[in-house]
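Geometric and topological summary
Chain by chain, the residues run as shown.
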Amino acid sequence: MSDTVQATSLATFEQDVLEASRQMPVVVDFWATWCGPCKTLGPILENVARALAGRAKVVKVDTDAEQQLARQFQIRSIPTVMLFRDGKLASQIVGLRPEHAIREWVTPFLPADEGAVKADELPAQESQEGLAEEALLAGDPATARKHLDELPADRQETDRVRGLRVRLFFA
């Protein structure tokens, strides 16, 4: 996985997710290697994990490798992203979402005293990238291109922007 997102399994789920969620929210991405939207969501969750480091945790469950966990949580469609708080499932979303939407979804579960980052408080570049991604998801490549073109030169070569430009090319 990465430094910011870890894989979990049936053997470690209780510790990695349920127990950890007593300290901070834990976001669990149920995914599979063959799932296109899952591959798109991966870098988005990496960004969320980095932005919320120390305030929320992100883990991944490969539904093919961990079929018992997928059955236990009745995963019918992927990606499915669940949020655990205080040892229990607190919320879930199904399908691909832009980064700012995931941050907005997680924010109410963050500890109140942590000064959680709201989507409208994101750095301007991240907001532009999120708007471009949202436009792509909505089937509006012209608006996506406009948002990407407005990014400063130093942001044009990030992995996320490159990925968005590839998606834009195929849109």
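Coordinates for the structure precede this section.
Presented here is a report on the structure given in the accompanying data block. (Residues numbered from 1 in each chain as written. Predicted model: local features only at pLDDT ≥ 70, side-chain atom pairs only at ≥ 80, totals over all residues. Heavy atoms only, no water.)

1. Brief notes about the pairing of strand 2 (residues 26–31)
Test applied: Summary of the burial criterion: residues with accessible area below 20% of their type's maximum are buried, those above 50% are exposed, and those between are partly exposed, where the area comes from a 1.4 Å probe applied to protein chains only. The helix count covers DSSP runs of H or I at least four residues long, the strand count covers runs of E at least two residues long, and both are numbered beginning at the N terminus. Pairing between two strands is assigned when DSSP locates at least 2 bridges connecting them. The handedness rule is simple: strands pointing away from the viewer, and a clockwise path from the first strand over the helix to the second, make the crossover right-handed.
Among the six residues in strand 2, six count as buried, and that is most of the element. Here strand 2 shows no split at all, with Val26, Val28 and Phe30 on one side and Val27, Asp29 and Trp31 on the other all buried. Pairing geometry for strand 2 and strand 3 (residues 57–62), over six bridges, is parallel. When the sheet's bridge partners are listed, tryptophan 31 is paired in strand 3 with aspartate 62. Handedness of the crossover joining strand 2 and strand 3 through helix 2 (residues 36–51): right-handed. With five bridges joining them, strand 2 and strand 4 (residues 80–85) adopt antiparallel strand pairing.

2. Brief notes about unusual backbone geometry
The phi angle of most residues is negative, glycine excepted, and most peptide bonds adopt the trans form. With omega at 0°, the peptide bond leading from isoleucine 78 into proline 79 counts as cis. Structurally, proline 79 is set in the loop between helix 3 (67–72) and strand 4. Positive phi, close to 50°, is recorded for glutamine 74, a residue that is not glycine. Among the secondary structure elements, glutamine 74 is positioned in the loop between helix 3 and strand 4. In this structure glutamine 74 comes out as exposed when scored by relative accessible area, which is 54%. Notably, aspartate 86 is not glycine yet its phi reads approximately 55°, a positive angle. In this structure, aspartate 86 sits in the loop between strand 4 and strand 5 (88–94). Accessibility expressed as a relative area gives 44% for aspartate 86, which makes it partly exposed.

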